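These are the residues of each chain, in order.
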Amino acid sequence: MSTPGNGSVLERVRGLVREVAKFGAVGGLGVLVNLGVFNLIRSTTDLQVVRASVIATVVAIATNYLGFRYFAYRDRAHGDAAGRTRELVLFVAFSAIGLVIENGVLYVATYGFGWGGPVASNVFKFIGIGTATVFRFWSYRTWVFKALPTPLAATPAEPMPEPAPLPKPDRRPEPLPEPEPANN
């Protein structure tokens, strides 16, 4: 996963499938958190639908960051504080855009079309989550959790040439003289 553009097409497809599976596992947990918090708020408070959804989305975003950082994209971790700060700022920014996409769908359904019942709210929240997920997957893998470059020594641009054969001597070396017998 952390070597974009390297390897065969099959290796890259396998890496993408693994990445999508990990993203889906973290995202699936995030969906459960999102819908659970949304329905808990809706059933226990008088908050409006979209406000409850925004709160639930923020809780899910926090959960997802931990899952992405320490599970899905742990091989893309930045070791320095500046890299981690950049990653977190980008994650929050792209998550905020995803929040607008997700809750925009719910807002239009609820206030634009008047579909504000409990079942309709959950259906359109789920559709909003799905729509925002496509954006989040692209933005997180492209900008937030970018694949780290591979070390230059590990992937040479050209294969090393075979060493030239050693030249053969023109003549054979003289044999060593016989040792004299020892007088004991």
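1. Details of the overall build of the protein chain
A count of helices and strands for the protein chain gives four helices and zero strands. Listing the helices and strands of the protein chain from first to last along the sequence gives α-α-α-α. The buried share among the 184 residues of the protein chain stands at 28%. For the protein chain, long-range pairs separated by at least 24 residues make up 72% of all intrachain contacts whose partners lie at least 6 apart in sequence. On the protein chain, roughly 12500 Å² of surface is accessible, and the fraction owed to carbon and sulfur atoms is 68%.

2. With respect to the pattern of salt bridges
Counted according to the given criterion, the structure contains five salt bridges. A salt bridge links R136 to E102, with the shortest nitrogen-to-oxygen separation between them at 3.4 Å. With R136 in helix α4 (residues 118-144) and E102 in helix α3 (residues 81-112), the pair connects residues that are 34 residues apart, well separated along the chain. Accessibility expressed as a relative area gives 1% for E102, which makes it buried.

3. Focus on the side chain of T57
Looking at the element boundaries, T57 is found in helix α2 (residues 49-72). Residue class for T57 comes out buried when judged on its relative accessible area of 1%. Beyond its immediate sequence surroundings of up to four residues, T57 is in contact with N34, L99, E102, N103, K125 and R136.

4. Quick look at the side chain of N103
Along the chain, N103 falls in helix α3. Judged by relative accessible area, which is 5%, N103 ranks as buried. Discounting residues that sit within four places of it in the chain, N103 has contacts with V50, S53, V54, T57 and K125.

5. What to know about helix α1 (residues 9-44)
Given a rise of 1.5 Å per residue, 36 residues ought to cover 52 Å, and the 51 Å separating the end C-alpha atoms of α1 matches this to within 8%. Every buried residue of α1 is accounted for by G15, E19, F23, V26, G30, V31, N34, L35, V37, F38 and I41. Residues of α1 that are buried sit in contact with α2, α3 and α4.

6. As for a nonpolar patch on the surface
A grouping of Y107, V108, Y111, F113 and W115 is seen on the molecular surface, where their side chains present a nonpolar patch of about 550 Å² in accessible area. One can find Y107 in helix α3. Its relative accessible area of 47% is what places Y107 among the partly exposed residues.

7. Details of the packing of α1 against α2
For the pair α1 and α2, the least separation of the axes is 8 Å and the interaxial angle reads 155°. In this view, α1 runs roughly antiparallel relative to α2, as classed from their interaxial angle. Every pair of crossing elements has a handedness; the one defined by α1 and α2 is right-handed. Partitioning the contact of α1 with α2 into residue classes produces 17 nonpolar, seven polar and two charged.

Each value, and the rule that gives it
Residues numbered from 1 in each chain as written. Predicted model: local features only at pLDDT ≥ 70, side-chain atom pairs only at ≥ 80, totals over all residues. Heavy atoms only, no water. Helix = DSSP H or I, 4+ residues; strand = E, 2+ residues; numbered from the N terminus. Buried < 20%, exposed > 50% of the residue type's maximum accessible area, 1.4 Å probe, protein only. Contact = heavy atoms within 4.5 Å. Areas by Shrake-Rupley, 256 points an atom, 1.4 Å probe, with all protein chains shown as cover. Salt bridge = Lys/Arg side-chain N within 4 Å of Asp/Glu carboxyl O. Expected span 1.5 Å × (residues − 1). Patch = residues over 30% accessible without salt bridge, like charges linked within 9 Å, V, L, I, M, F, W, Y side chains within 5 Å. Axes fitted to C-alpha atoms, helices over the stretch in contact; angles between N-to-C directions. Parallel < 35°, antiparallel > 145°, perpendicular 65-115°, else oblique. Left-handed = near helix turned anticlockwise from the far one by under 90°. Nonpolar A, V, L, I, M, F, W, Y, C, P; charged D, E, K, R; others polar.

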